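Listed below are the residues making up each chain.
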Amino acid sequence: MFKSNLGLLAICFLLSSCIKSGYTEQTVYNSNFALGDTAHLKGAVIWKWNNQNLVGRFNNGGFELNLSNLPKHTAIEITAVPYFHDSWDGSTNVGGIDGPDIWQMYADGALLVNSTFSNSPCNSMYCLQQSYPLPYSAINNPPMTGAIQVLPGVGHCSGIDATSVYKIVKTISHTSSNLKISFHDYLVQTNAPDICDESWSMSGIVVKVINTP
């Protein structure tokens, strides 16, 4: 009986410790745009591709998500699932003709993602590398590093039949009751039609507010 009571006390202590920890999270926005809803979005157009609704497509453009009246919190977690279509050239910059192809994500003006992405084939003769998951810099990784899925391309004029899909999660300190998340690209392709050569879209966004002790 004594040992049993000690076990119960230990369980109660652990439970009370978890309860008193003060960590909570709450989803305040969650959309895969299946219903075509663009509420809270600025500059967004629903585009149907591959039997699903996406926000896009963009080429040297983007959109915003604006949320208000958020519950009290100390941090936010943003999950975004962008699709990078066709001839993204990564960090290459050959004579200002192709690349670098950069995609960015901001939260209330703070730069969370500033990376290049590449759908290039990669072999001993040809390989256009990307910075992601690192920021755009002198350090690069193989094309599609970190992609969770590869789908067919869209443009039919780029010579690259691929769409790379990523799940990007960022958590930052945040206390304001308002939140603006913005997504934008800076694509360079002076020798090909713009959106037919390379573009991007968004298949889902989830935003959580977090409280920590």
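Read on for a plain summary of the structure. (Residues numbered from 1 in each chain as written. Predicted model: local features only at pLDDT ≥ 70, side-chain atom pairs only at ≥ 80, totals over all residues. Heavy atoms only, no water.)

1. Points about the sheet that holds strand 5 (residues 62-67)
Backbone hydrogen bonds are what pair the strands of a sheet, in a parallel or an antiparallel way.
Step number 1: Here we have five strands laid out as an open sheet, ordered 2-5-12-7-8, and antiparallel in their pairing. If you trace the sheet from one side to the other, it starts and ends with strand 2 (41-42) and strand 8 (110-116), each paired once.
Step number 2: Here strand 5 runs beside strand 12 (residues 179-186); their pairing, made up of six bridges, is antiparallel. The residue of strand 12 that forms the bridge with Phe63 is Phe183. (Pairing = 2+ DSSP bridges. Helix = DSSP H or I, 4+ residues; strand = E, 2+ residues; numbered from the N terminus.)

2. Here we look at the pairing of strand 12
Step number 1: For strand 7 (residues 102-107) and strand 12, the ladder comprises six bridges, and the chain directions are antiparallel. Within the sheet, the bridge partner assigned to Ile102 lies in strand 12 and is Tyr186.

3. What to know about the packing of aromatic side chains
Step number 1: In the structure shown here, the tally under the stated rule is 17 aromatic pairs.
Step number 2: Ring centres of Phe84 and Tyr166 lie 5.6 Å apart, and the angle between their planes is 75 degrees; on these two criteria the pair is classed as edge-to-face. You can see Phe84 sitting in strand 6 (residues 75-86) and its partner Tyr166 sitting in the loop between strand 10 (163-165) and strand 11 (168-173), a full 82 residues away along the chain. No difference in accessibility class separates Phe84 from Tyr166, as the two residues are buried.
Step number 3: With centroids separated by 5.9 Å and ring planes inclined at 25 degrees, the aromatic side chains of Trp103 and Phe183 adopt a geometry described as stacked. Of this pair, Trp103 sits in strand 7 while Phe183 sits in strand 12, placing them 80 residues apart in sequence.
Step number 4: Taken together, the ring pairs in this structure connect Phe58, Phe63, Phe84, Trp88, Trp103, Phe117, Tyr132, Tyr166, Phe183 and Trp200 into an aromatic cluster. (Phe/Tyr/Trp six-rings, centres within 6.5 Å; stacked < 30°, edge-to-face > 60°. Buried < 20%, exposed > 50% of the residue type's maximum accessible area, 1.4 Å probe, protein only.)

4. Let's talk about the nonpolar core
Step number 1: Membership of the largest hydrophobic core comes to 33 residues, with the highest contact counts inside it found for Phe63, Trp103, Met105, Phe183, Trp200, Met202 and Ile205.
Step number 2: When residues of this core are traced back to their parent elements, those giving at least two are strand 4 (52-58), strand 5, strand 6, strand 7, strand 8, strand 12 and strand 13 (198-211).
Step number 3: A total of five residues in this core trace back to one element, the largest contributor, which is strand 13.
Step number 4: In this structure, Met105 is in contact with Ile78, Ala80, Ala110, Leu111, Leu112, Val113, Ile168, Lys170, Ile181, Ser182 and Phe183, ignoring residues within four places of it in sequence.
Step number 5: If you look at the next biggest cluster of nonpolar residues, it comprises eight residues, including Leu54, Tyr83, Val154 and Val165. (Core = buried A, V, L, I, M, F, W, Y, C linked by side-chain atoms within 4.5 Å. Contact = heavy atoms within 4.5 Å.)

5. Looking at unusual backbone geometry
Step number 1: Of note, the amide linkage connecting Gly99 to Pro100 takes the cis form, showing an omega dihedral of 0 degrees.
Step number 2: Residue Pro133 is reached from Tyr132 by a cis peptide bond, and omega for that bond is 15 degrees.
Step number 3: Tracing the sequence through the fold places Pro133 in the loop between strand 8 and strand 9 (149-151).
Step number 4: Backbone geometry places Asp86, a non-glycine residue, at a positive phi of 70 degrees.
Step number 5: In this structure, Asp86 sits in strand 6.
Step number 6: Asp86 gets classed as buried once you look at its relative accessible area, which sits at 1%.
Step number 7: In this structure, Met144 is a non-glycine residue whose phi angle is positive, near 65 degrees.
Step number 8: Structurally, Met144 is set in the loop between strand 8 and strand 9.
Step number 9: Since its relative accessible area comes to 22%, Met144 is described here as partly exposed.

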